[in-house]
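This is what each chain is made of:
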Amino acid sequence: MRSALARAGFLVPRGGGRYSPIAPSSSPELIGARAVAATPAGQFNKFASPGGSGSGTSYGSPGSLSTMLAGLVAGDKLALLGGTYTFSSGINFNRTGTSGAPILVESYPGEQAVLTNTVAINGAAFDVTGSYCQLRRINFTNNNATWILILRGSNHLLEGVNVIGGKGTGITFYSTLNSVARDCVCGDLDSAGTPWDAVSGSGWADGFSIGGDPGSPSTNPIIDHCEAYRCTDDGFDNWGPSTNCKFTYCSSRDHPIAGGNGYGFKVAGGGGSTGASAERCIAYKVNTGFTPNGGGVLKIKNCTAWDTAFDVFFDADGNQSPSCVVSDNICQPGDAIQLNGYSGHVFTNNSWQRGGSVAFMSTTPGNPNFLRPTVGGGFEDIGVYAP
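Cut-offs and rules
- Sequence order sets the numbering: in each chain, residues are counted from 1 along the sequence as written.
- pLDDT decides what is reported in this predicted model: residues at 70 or higher carry local features, side-chain atom pairs at 80 or more are listed and counted, and totals for whole chains, interfaces and linings draw on all residues regardless.
- Side-chain measures here rest on the full set of heavy atoms in the structure, leaving out hydrogens and waters.
- Sulfur atoms of two cysteines make up a disulfide when they are within 2.5 Å.
- Note on classification: 1.4 Å probe, protein chains only; a residue is buried when its accessible area is under 20% of the maximum for its type, exposed when over 50%, partly exposed between these limits.
- One side-chain nitrogen of Lys or Arg within 4 Å of one carboxyl oxygen of Asp or Glu is enough to make a salt bridge.
- Where helices and strands are cited, they refer to DSSP runs of H or I of at least four residues and of E of at least two residues respectively, numbered from the N terminus.
- In short, DSSP must find at least two bridges between two strands for them to pair.
- Here a polar contact is recorded for every N or O atom pair within 3.5 Å, except that within protein the pair must consist of a potential hydrogen donor and a potential acceptor, and residues adjacent in sequence are included only if both atoms are side-chain atoms.
- Residue contacts follow a heavy-atom distance rule, with two residues in contact if any of their heavy atoms lie within 4.5 Å.
- Residue-level confidence of the predictor, termed pLDDT, takes values from 0 up to 100.
- In plain words, nonpolar cores are sets of buried Ala, Val, Leu, Ile, Met, Phe, Trp, Tyr and Cys residues tied together by side-chain atoms within 4.5 Å.
- Axis lines are fitted through C-alpha atoms, for helices just across the contact stretch, and the angle between N-to-C directions can take any value from 0 to 180 degrees.
- Between 30 and 60 degrees the pair is tilted, below 30 it is stacked and above 60 it is edge-to-face, where a pair is any two Phe, Tyr or Trp rings, Trp via its six-membered ring, whose centres lie within 6.5 Å.
- Cation placement over rings: the criterion is NZ of Lys or CZ of Arg within 6 Å of the ring centroid and within 35° of the ring normal.

Side note on the state of the cysteines
Part 1 of the argument: Scanning the entire structure with this criterion turns up zero disulfides.
Part 2 of the argument: This cysteine, Cys184, is not joined by any disulfide, and Cys226 carries the nearest cysteine sulfur, 4.6 Å off.
Part 3 of the argument: The class of Cys184 is buried, set by a relative accessible area of 0%.

Section: the pattern of salt bridges
Part 1 of the argument: All chains considered together, the criterion is met by 15 salt bridges.
Part 2 of the argument: Residue Glu106 is joined to Arg136 by a salt bridge in which the shortest nitrogen-to-oxygen separation is 2.9 Å. Of the two residues, Glu106 sits in strand 7 (residues 103–107) while Arg136 sits in strand 10 (residues 133–136), which places them 30 residues apart along the sequence.
Part 3 of the argument: Residue class for Arg136 comes out buried when judged on its relative accessible area of 10%.
Part 4 of the argument: When the shortest N-O distance is used, the salt bridge between Arg182 and Glu159 registers 3.8 Å. With Arg182 in strand 16 (residues 180–182) and Glu159 in strand 13 (residues 157–159), the pair connects residues that are 23 residues apart, well separated along the chain.
Part 5 of the argument: Among the charged side chains, a network of salt bridges with common partners joins Arg34, Glu106, Arg136, Arg137, Glu159, Arg182, Asp183 and Asp224.

Digging into unusual backbone geometry
Part 1 of the argument: Gly240 connects to Pro241 through a cis peptide bond whose omega is 0 degrees.
Part 2 of the argument: Of note, Pro241 is situated in the loop between strand 22 (236–240) and strand 23 (242–243).
Part 3 of the argument: In this chain, His255 is followed by Pro256 through a cis amide linkage whose omega measures -10 degrees.
Part 4 of the argument: Within the secondary structure, Pro256 sits in the loop between strand 25 (251–253) and strand 26 (263–266).
Part 5 of the argument: Positive phi, normally seen in glycine, also occurs at Asn220, with a value near 60 degrees.
Part 6 of the argument: Mapped onto the secondary structure, Asn220 falls in the loop between strand 19 (218–219) and strand 20 (222–224).
Part 7 of the argument: Residue Tyr249 is not a glycine yet carries a positive backbone phi of 55 degrees.
Part 8 of the argument: Topologically, Tyr249 is positioned in the loop between strand 24 (246–248) and strand 25.

As for the sheet that holds strand 25
Part 1 of the argument: Taken together, ten strands build an open sheet; the order of strands is 5-8-11-14-17-21-25-28-31-34 and the sheet is parallel. The open sheet has two edge strands with one neighbour each: strand 5 (83–87) and strand 34 (330–331).
Part 2 of the argument: Sheet topology places strand 25 next to strand 28 (residues 282–284); three bridges connect them, and they run parallel. Within strand 28, the position partnered with Arg253 by the bridge is Tyr284.

Section: the side chain of Asp224
Part 1 of the argument: Note that Asp224 resides in strand 20.
Part 2 of the argument: A polar atom in the side chain of Asp224 sits 3.1 Å from the side chain of His225.
Part 3 of the argument: Apart from the residues lying within four places of it in its own chain, the contact partners of Asp224 are Arg34, Ala181, Arg182, Asp183, Thr248, Tyr249 and Cys250.

Considering the confidence of the model for the protein
Part 1 of the argument: Looking at the protein, pLDDT values average 87 and 88% of them are 70 or higher.
Part 2 of the argument: Here residues 1–26 is a poorly scored stretch, pLDDT under 50, and it has 58 contacts once near neighbours within four places are set aside; other chains count.

Some details on the nonpolar core
Part 1 of the argument: Within the largest apolar cluster, 72 residues are counted, with the highest numbers of intra-cluster contacts made by Leu80, Phe93, Phe126, Leu135, Ile223 and Phe290.
Part 2 of the argument: Counting residues in hydrophobic clusters, the runner-up holds 13 residues, among them Ile282, Trp306, Phe379 and Ile382.

Looking at the pairing of strand 29 (residues 288–291)
Part 1 of the argument: Bridge count for strand 26 against strand 29 is three bridges, and the pairing is parallel. For Lys266, the partnering residue across the bridge sits in strand 29 and is Thr291.
Part 2 of the argument: Both strand 29 and strand 32 (residues 312–315) contribute to a ladder of two bridges, which runs parallel. Among the inter-strand pairings, Phe290 is bridged to a residue of strand 32, identified as Phe314.

Points about the sheet that holds strand 36 (residues 346–348)
Part 1 of the argument: In space, the twelve strands of this open sheet follow the order 3-4-7-10-13-16-20-24-27-30-33-36, with parallel pairing throughout. Each edge of the sheet is formed by a strand with only one pairing partner; in this case those strands are strand 3 (46–48) and strand 36. Across the sheet, the mean angle separating the axes of adjacent strands is 10 degrees when strand polarity is ignored.
Part 2 of the argument: Bridge analysis of strand 20 against strand 24 gives three bridges, and the strand direction is parallel. Following the sheet pairing, Asp224 is matched in strand 24 by Thr248.

So, the packing of aromatic side chains
Part 1 of the argument: A complete count under the given rule lists 16 aromatic pairs for this structure.
Part 2 of the argument: Between Phe247 and Phe265, the ring centres sit 6.0 Å apart and the planes meet at 70 degrees, which makes this aromatic pair edge-to-face. Highlighted residues: Phe247 in strand 24 and Phe265 in strand 26, separated in sequence by 18 residues.
Part 3 of the argument: Since its relative accessible area comes to 0%, Phe247 is described here as buried.
Part 4 of the argument: For Phe265, a relative accessible area of 0% corresponds to the buried category.
Part 5 of the argument: Taken together, the ring pairs connect Phe208, Phe236, Phe247, Phe265 and Phe290 into an aromatic cluster.
Part 6 of the argument: Between the NZ or CZ atom of Arg152 and the centre of the ring of Tyr174, over which it lies, the distance is 5.2 Å.
Part 7 of the argument: Over the ring of Tyr385 we find Arg372, and its NZ or CZ is 4.1 Å from the ring centre.

Overview of the environment of Arg152
Part 1 of the argument: Checked against the element boundaries, Arg152 lands in the loop between strand 12 (145–151) and strand 13.
Part 2 of the argument: Residue class for Arg152 comes out partly exposed when judged on its relative accessible area of 27%.

Rendered as structure tokens:
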């Protein structure tokens, strides 16, 4: 059955239950991370390996990770040879590419680079500043840091980057401009017992978070075809400030694992955030599906929530401007819409506004018809699978 689903191009759960990104990136209708094709080996001009001490100019003479990162210039393509790269302090990757000649750091084709820190870092484990830097097909595993991977600066791209296992937030956009995370997965992030968890007063670790300094929002961040699962706090948390943050084709499940809020998607944030949206996203086995999270004008469209512990699809959360457009969404029968006194939201063509009750073809994650409305049931034209 598993191989049959894979051949059909669907996301298939591994033994641990998380989605395996096997679908081609040309399939936008699939929810969650897809396979990311490797850059051809002949395009790399720099090389690093765990314990490398060579010139870094060939596969046979790789340099160290720190040395090679520090010397990259616009147009360089650094291949990380397979293995585990360990570090005891945070890495600040501050390099500047251009739109025509970005800087690329990627696992070598057919190999897997894994980055992990060996001691607790009260800060960022891997801090990307500068501009036009691309990280592709890299795993961050069992990192112990407040922020495991953080994007600052501008015009960065994460593609096929996975943050699996760790004690902090997986991927963070912080006062960054025009940066994108695509086909990335963050999961099994448990901040319990850490100093930063104690400061937060509840669960700290989100899968993905978006914010910035006051007056310096993350602007135009895009989180596309990404997945978050089993986090101490939320799957996707736009805590702000941000401008025009977009979540598309993302999946969020099994939050919180301890202490946190357990939202699938906090779509917008405070501090003057505006213009956020979530479209064609799924939240399931979470406390609450979607919330404005204190932000301004935003849109939640063609999303689906199922098996929410608090039986809530949309929570107006008590402190947000009454300016949400919520349309063409599906929640399981009986789920509530909590407005908390706000009356200015616009709800249009959602499942709870129609007669009848939604039935799904499958409620088994990994099934190709997971949370797809039954044919002829009257709801096929809304939710994540709508035409």
